[in-house]
Amino acid sequence: MEIYLDANATTPVLPQAKAAAIQAMVEDYGNPSSVHSTGLKARALIDGVRARAQRLLDTGRGQLLFVSGATEGIQTAVLSALHALRERREAGEAIGSQLLYGATEHKAVPEALKHWNAVLGLNLAIRAIPVNLQGQHDLDFLRREAPQAGLVCTMAANNETGVVSDLAGIEAALEASGSAAFWMVDGVQALGKIPLRLSQSRIDYAPFSGHKLYAPKGIGLLYVRNGAPFTPLMAGGGQEGALRSGTENMSGIAALGAVLEALEDPEGKTFRSHAEMSGFRARLAAALEQAFPGLVYNAPLAQSLPTTLNFSVPGLSSRLLQDLFDAADVRVSGGSACSAAKAAPSFVLQAMGLPDWQAAGAVRLSIGPAVDEAFIAEACARIQACGESLRRNCMSPTDNLPTVGEGLSRFMLEGACCYVLADAAAQRCVLIDPLPEQLSRLAQVLRCQNYPIAAVLSSSGAAAHGEARALLAAELPDLLDAAAEIDALGWPLTQTELDLGARRLRRVLLDGGGQALLLSEGGPAQACCLAFVDPQQALALAEQIGPQALIAPPNDLAQLLASTVALERGEAVAAPLLQLSGEQLQRFVDAHPDALLIDVREPYEQFLSQTPELAGVALQAMPLSRFLNAIPGWLAEQQPLLFFCRSGNRSRQAAQALARLGHGQAWTLAGGLALLPDAPIVAPAADPALLV
């Protein structure tokens, strides 16, 4: 069962809205511009939905147009206001020198301002209205700058934080300044959540979007105050009173009408009240606080929609938290859905002046007013399970359980690779190329496994590696001896090799500085099986490393995971990358009974995963962070391997790495578990030895 907590991005379609849309497509399919009975029936449907929307929004004598959504509404409003400003300027009237928009507006607003400002040749300055730490507009700035503005754009409630704007205060500031500026208010997140009495304000334009409130995508509304200038964005057949041409989206309008009817229901059978939603949010907040100690909210709950929680957790990235929730079949986002795929801090939180770690680590949890008690109870249980997964895998800010450190783990930071090499039998570990920025995570991992640190080594002699060692020694004095005699590369002066139980680590100094670190299995006489060195530098060490020994690079922006001397010399031929879709999965298993399906997600994700079983398949958990441990065995056996993960990105990396190294039967599940028809894989239980 999916728990969808991303309602500010979009919502499922309400059952009665779906039924209304189907009826409009199948039975009431007439063109509302036709004068016959079928067309008149369609026209009556449109008129009825419009009248209901006018009542709910209290539009008075203002116009309400059906549009495709908020973006079209914003474009139309901005075009209308700026076209009127150009006409006034051409008539010799003063129009001001700037256009103002809230610093936390949806990107559709400033982009529309830039576009039409340029197209119409106005060339006015476009300026952001600052907001405070609570996300509220700077009213002093507005009073000071509004007299020079031709258009002011704000929003009723923010899509990322849920902060409800002080519309009365904004209106008072505009009035007090004597500004004649047009005023557009983005009402998308407000519809159905806070009351809007548009006829009782000086708001000139207000766009709305149906899919944010259980209607399908592709339908929205635009309010235009009586007397406000209007320029059609689309000209054509003259629909919508010649204000928005194009045959009306009848199924979308019918579905929106069903949603609005539910909003008008005096018994409230479909949508929860504001008080009920506030109670649900309080329960979700309590579950979050229990699951993630140290959690901070990025906006004050008292000033936010009762449907929205925006939070950050110290030491946990937004991407990690999203993957964690997704593994538990809980859908959240890192901010606006329009920019969530971009790896960048939230511009909304940056505009509020929040610290960088909060802006970069933010997660948005949002519910819709149609959720019920059972949904909230299950959501809270899943959130608590996420916290338990972090504790079991040494990733919670507090109360982590001990973990077993064994083998090699890789920690990435913007392409730089840090390696932790641990031996459970010897109860010792070695760090290679740590960075100061990784201190918190590395200290947490090392504390959980609680092994003495034999050395903190640098492959290049970079100052950052030495700084990281000093920080770790201060953080973990019982595990790392700060007074140990070492050279500039971190190597202990009294040792020629480092004993890690069944493994030995020795080094070769490189011309020009740095060192190659060579790991062997079974004692000092054994050949190198893994070299920590830049692949190009490894060519000079070919005789000591061997052509097929794996090379673990200190930097891996290309995400190749590993190389060999033979590959770097061009002597090895990579096998082709093999892909299959979810629909082909059962046929693949039937055709390859000896295949091994490998889950490359991290242990904290595997712990939460619950998916139906696929019969007759062997499964293995091998997180991408520990991938180097398994490569030699897979290359030796050459059995069919199918890698899978949540979205297909990590499994593609894994399959490409194996294919590049010469494995001829390495497959990736394209699209990952997210695109499987019925998710026919049951994830293997995480091996405790993998929880480094």
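Thresholds applied
Residues numbered from 1 in each chain as written. Predicted model: local features only at pLDDT ≥ 70, side-chain atom pairs only at ≥ 80, totals over all residues. Heavy atoms only, no water. Salt bridge = Lys/Arg side-chain N within 4 Å of Asp/Glu carboxyl O. Helix = DSSP H or I, 4+ residues; strand = E, 2+ residues; numbered from the N terminus. Buried < 20%, exposed > 50% of the residue type's maximum accessible area, 1.4 Å probe, protein only. Patch = residues over 30% accessible without salt bridge, like charges linked within 9 Å, V, L, I, M, F, W, Y side chains within 5 Å. Areas by Shrake-Rupley, 256 points an atom, 1.4 Å probe, with all protein chains shown as cover. Axes fitted to C-alpha atoms, helices over the stretch in contact; angles between N-to-C directions. Parallel < 35°, antiparallel > 145°, perpendicular 65-115°, else oblique. Contact = heavy atoms within 4.5 Å. pLDDT = per-residue confidence, 0-100. Disulfide = S-S within 2.5 Å. Pairing = 2+ DSSP bridges.

## Observations concerning the pattern of salt bridges
This model, assessed by the stated rule, comprises 39 salt bridges. Residues aspartate 323 and arginine 646 are paired through a salt bridge, measuring 3.5 Å at the closest nitrogen-oxygen approach. With aspartate 323 in helix α10 (residues 318–327) and arginine 646 in the loop between β25 (641–644) and α22 (649–660), the pair connects residues that are 323 residues apart, well separated along the chain. In this structure arginine 646 comes out as partly exposed when scored by relative accessible area, which is 22%. When the shortest N-O distance is used, the salt bridge between arginine 503 and aspartate 423 registers 2.9 Å. One end of the pair, arginine 503, is in strand β18 (residues 503–509); the other, aspartate 423, is in strand β14 (residues 416–423), and 80 residues separate them in sequence. Comparing arginine 503 with aspartate 423, the two get one shared label, buried.

## What about a nonpolar patch on the surface?
Together, Ile22, Met25 and Val26 make up an exposed nonpolar region whose accessible area comes to about 290 Å². Looking at the secondary structure, you find valine 26 in helix α1 (residues 15–26). You can call valine 26 exposed: its relative accessible area is 56%.

## Some thoughts on the packing of helix α9 (residues 274–291) against helix α13 (residues 373–392)
In the contact formed by α9 and α13, the axes pass within 8 Å of each other and the chain directions differ by 10°. Between α9 and α13, the angle is such that the two are roughly parallel. In this structure, α9 contributes Phe280, Arg283, Leu284, Ala287, Leu288, Gln290 and Ala291 to the contact, and α13 contributes Glu373, Ile376, Ala377, Ala379, Cys380, Ile383, Gln384, Gly387 and Arg391.

## Quick word on the confidence of the model for the chain
On average, residues of the chain score 92 in pLDDT, and 95% of them reach the 70 mark or higher. When the criterion is pLDDT under 50, residues 682–692 qualifies, and its contacts beyond four places in sequence or with other chains add up to 39 contacts.

## Side note on the state of the cysteines
All told, the structure shown has one disulfide when counted by the stated rule. Across the disulfide, cysteine 394 is cross-linked to cysteine 448 (sulfur-sulfur distance 2.0 Å). Negative torsions about the S-S bond denote left-handed disulfides, and the value of about 90° found for cysteine 394 with cysteine 448 makes this one right-handed. Of the two residues, cysteine 394 sits in the loop between α13 and β13 (407–413) while cysteine 448 sits in helix α14 (residues 439–449), which places them 54 residues apart along the sequence. With no disulfide of its own, cysteine 418 lies 9.0 Å from the sulfur of cysteine 417, the closest cysteine sulfur.

## Here's the deal with the pairing of strand β20 (residues 528–532)
For β20, the buried fraction is high: four of the five residues fall into the buried class. In this sheet, β20 lies alongside strand β19 (residues 515–521) in antiparallel orientation, the contact comprising four bridges. Counterpart to leucine 517 in the pairing with β20 is phenylalanine 532. One ladder, built from three bridges, connects β20 with strand β21 (residues 550–552); its direction is parallel. Bridge pairing links leucine 530 to leucine 550 in β21.

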